[in-house]
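Fold and contact review
Listed here are the chains, written in short residue letters.
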Amino acid sequence: MAKLDRCAKTSIALGVSSPFFGMPACGRAGVVAVFLAVAVLPAGTSLAFAQVDNRAPTGQLPACVGNNGGITLAPGFCATVFADNIGHARHLVVTPDGTVYVNTWSGGYYHNSPVPSGGFLVALKDSKGTGHADIVERFGPGVAQGAAGGTGIALYKNGLYAEVNDRILRYALSPGAVVPKGPPEVIVSGLPLTGDHPMHPFVIGAKGDLYVDLGSATNSCQIENRMPNSPGEKPCTELETRGGIWRYNADKIGQRFSAKERFVTGLRNGEGLSFDSAGRLFATQHGRDQLSENWPDIYKPEQGHELPAEELVQLRHGADYGWPECYFDGFQKKLVLAPEYGGDGKRVGVCAHKQGPVAFFPAHWAPNDLLIYTGRAFPKPYQGGAFIASHGSWNRAPAPQGGYNIVFQPMADGKAFGKFIVFADGFAGAIKEPGRARFRPSGLAMGPNGALYISDDVHGRIWRVTYKGPADVNGAVSAPASKVEATVSRPVLPPEGIHPRAGRLGPTSLPVPPGATKEEVALGDRIFHGEAAASTCSGCHGSDGKGTSVGPNLADGKWIWGDGSLKSIAGTIIHGVPQPKQYTGAMPPKGGVPLSAPDVAAVAAYVWAIGHSNSQ
């Protein structure tokens, strides 16, 4: 690879390599003038410029203890591992006395992988002031009680609210007690658990309004979910009970889910929810998948990798954010009509009347949580801005996956104010894939002293991030009110470098199925990994074939469909998997790409080979 110049390195660090974020112009002495593109600007608003200083700051920043728990952070920030290996940690909250409560999840999304014994809720406390939790206690229902945990968790008055299966429960908190003593009360029950997005993140406002996300059951409300050229339901009756935010009363027990409590509609999956200091409520939006795979006559593969943008929206009662009829195109910077509803990638139609985002981010990064920073411990440019935990993509295959980081979006008066930066990175490690990432950011919370807590749902690690730098570092942290200065995180590369074929068995080391050839296995290897035929197999099954949350493990010799013969594998490829038995990702016929008969035979031979590689 050609050596990157300073400008290119800075653009990568800022996250502006995606085509709809323009490349920065480089100036003297390594100072980069970055155009701060705002996704949605009110009429009459001028665009701002900011100077991002890529040089070392004047004076020595304090050294962080350890290695920041394996991640990199914007200059001046340090991290410690607050807790580790607590299960699939999703969202979390911190009480005024510093006790951290985390909701953890199991079930189908994690393929029922082993979880720590005890309840799915975890209480963590640093009683010695070391930055690490020395008290770790689990509580609430566990596997033995039929629970699978959940994502949502919140604090309100003297109660801890947590999602468990189809319910939101309230535990009474007692002063001095880390774990609630009494049984919980049921605040809401009957929340839908089926489909692609069974989780229920929620937030509670100052007046007791409980806002809960009910993500869509499908990708785009097609008659046949995730199948090529299948039109959308008209009307999309799913919107009566899914694809929006519902509002309940946090002070009232015994509420039951129904369609009438819907607060907003048209959000495919609004996992991150947070209030700003003015009481405005914001949410992140997971954009839809598989534009190219399901509509190959309209979208090129590379468009499927880069569309649609992920969104940050302000929630207003009764608003419609467009799903499933519309998606946000970050290149055109507008909502456009989805192909399931007659769109061609440019037509707007009914989307002209839908609510657009206040900011947007690269496609398929999966923004899993949102925190509007209302503390004062971080420098002024961070105060009032939005931290977003990007869980990481799968649908960018065979292009490189993205996300697996924490981004920061400056905000002012409820609107995006400048370009986002990558605030924390390195979570995934050497390989950014859902099945092989070391960590995947999933939750964010602010402590009483302004520290930022980050959770991971792979190994259950919790980081505690604090600011150690001076209030003003060469003008790159604090800034006058007329502009926002952004600090940058360095591009993250593992010490050994990045190798696209890392972890892959070479075709010469694989067994050859009866009736096939080594050449077919080699071709199947290339197709599987997107190096031929524009295939996206590795997106769902991982580049090592060992599966992800979307698609099953193909390398363990266990066959969910058929008997594992070449004929049955080829049949599954040809016909697809419209109704998966155990996984969340429906597979379109031939993976959504125009594979020829020899291509299908080659992929079948490769899948057979990796499934038998351990039996040699």
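Residues numbered from 1 in each chain as written. Predicted model: local features only at pLDDT ≥ 70, side-chain atom pairs only at ≥ 80, totals over all residues. Heavy atoms only, no water.

**Some details on the environment of A283**
To keep things clear, this is the line we draw: Strands here are runs of E lasting at least two residues and helices are runs of H or I lasting at least four, both read from the DSSP assignment and numbered beginning at the N terminus. In what follows, residue pairs with any heavy atoms lying within 4.5 Å of each other are defined as contacts.
Tracing the sequence through the fold places A283 in strand β20 (residues 281-285). For the pair A283 and G270, spaced 13 residues apart in sequence, the C-alpha separation works out to 5.7 Å. When sequence neighbours within four positions are dropped, the list of residues in contact with A283 reads G272, L273, E311, L312, V313, L315 and L370.

**As for the side chain of R226**
The condition is simple: Burial classification: accessible surface area is computed with a 1.4 Å probe over protein chains only, and a residue below 20% of its type maximum counts as buried, one above 50% as exposed, and the rest as partly exposed. Between N or O atoms, a polar contact is any pair within 3.5 Å; within protein, one atom must be a potential hydrogen donor and the other a potential acceptor, and residues adjacent in sequence are included only when both atoms are from side chains.
Examined against the element boundaries, R226 turns out to sit in the loop between β15 (209-214) and β16 (244-249). For R226, a relative accessible area of 4% corresponds to the buried category. One polar contact links R226 to D196, side chain to side chain, over a distance of 2.9 Å. Not counting chain neighbours up to four residues away, the residues in contact with R226 comprise D196, N219, R268, D289, Q290, N294, W394, T584, A586 and P588.

**Side note on helix α4 (residues 518-528)**
One turn of the α-helix equals 3.6 residues, which is why residues spaced by three or four share an orientation. Using the following cut-off: Note that the arc is computed from the directions linking the helix axis to the C-beta atoms.
Inspection of α4 places V521, G524, D525, I527 and F528 among the buried residues, and these make up the whole buried set. Seen along its axis, α4 keeps its buried residues to an arc of 165 degrees; they face one direction. Residue G530 follows α4 closely and has a positive phi angle near 75 degrees.

**Section: the sheet that holds strand β26 (residues 386-390)**
Here is the rule: Strand pairing follows a simple DSSP-based rule, namely that at least 2 bridges must link the two strands.
Across the sheet, five strands lie side by side as β4-β30-β27-β26-β25; this open sheet has antiparallel pairing. The open sheet terminates on both sides in strands that have one partner only, identified here as β4 (72-73) and β25 (367-372).

**A word on the pattern of salt bridges**
In plain terms, the rule: When a carboxyl oxygen of Asp or Glu is within 4 Å of a side-chain nitrogen of Lys or Arg, the pair counts as a salt bridge.
Within this structure, the stated rule accounts for 18 salt bridges. Close ionic contact of R461 with D84 constitutes a salt bridge, the shortest N to O distance being 2.8 Å. Remark: D84 occurs in the loop between β5 (77-83) and β6 (89-94) and R461 occurs in the loop between β32 (452-456) and β33 (462-467); sequence separation between them is 377 residues. A relative accessible area of 14% places R461 in the buried class. Here D84 falls in the partly exposed class, since its relative accessible area comes to 30%.

**Observations concerning the state of the cysteines**
For clarity, the cut-off: Cysteine sulfur atoms are paired as a disulfide whenever they come within 2.5 Å of each other.
Tallying each qualifying case throughout the model produces three disulfides. Each disulfide pairs two cysteine sulfurs, and for C221 the partner residue is C236, the sulfurs being separated by 2.1 Å. Sign of the S-S torsion, about 105 degrees for the bond between C221 and C236, identifies this disulfide as right-handed. A residue pair is termed long-range when its members are at least 10 positions apart, and C221 in the loop between β15 and β16 and C236 in the loop between β15 and β16 qualify at 15 residues. Of the two residues, C221 and C236, neither departs from the other in class, the shared state being buried. Here C326 engages in a disulfide with C351; their sulfurs sit 2.1 Å apart. Disulfide C326-C351: the torsion about the S-S bond is -100 degrees, which places it as left-handed. Linking C326 in strand β22 (residues 326-329) with C351 in the loop between β23 (334-337) and β24 (359-361), this pair joins segments that are 25 residues apart in sequence. Accessibility classification places C326 together with C351 in one group, the buried group. For the unlinked cysteine C537, the closest cysteine sulfur is that of C540, found at 8.6 Å. Looking at C540, the relative accessible area reads 18%, which means it is buried.

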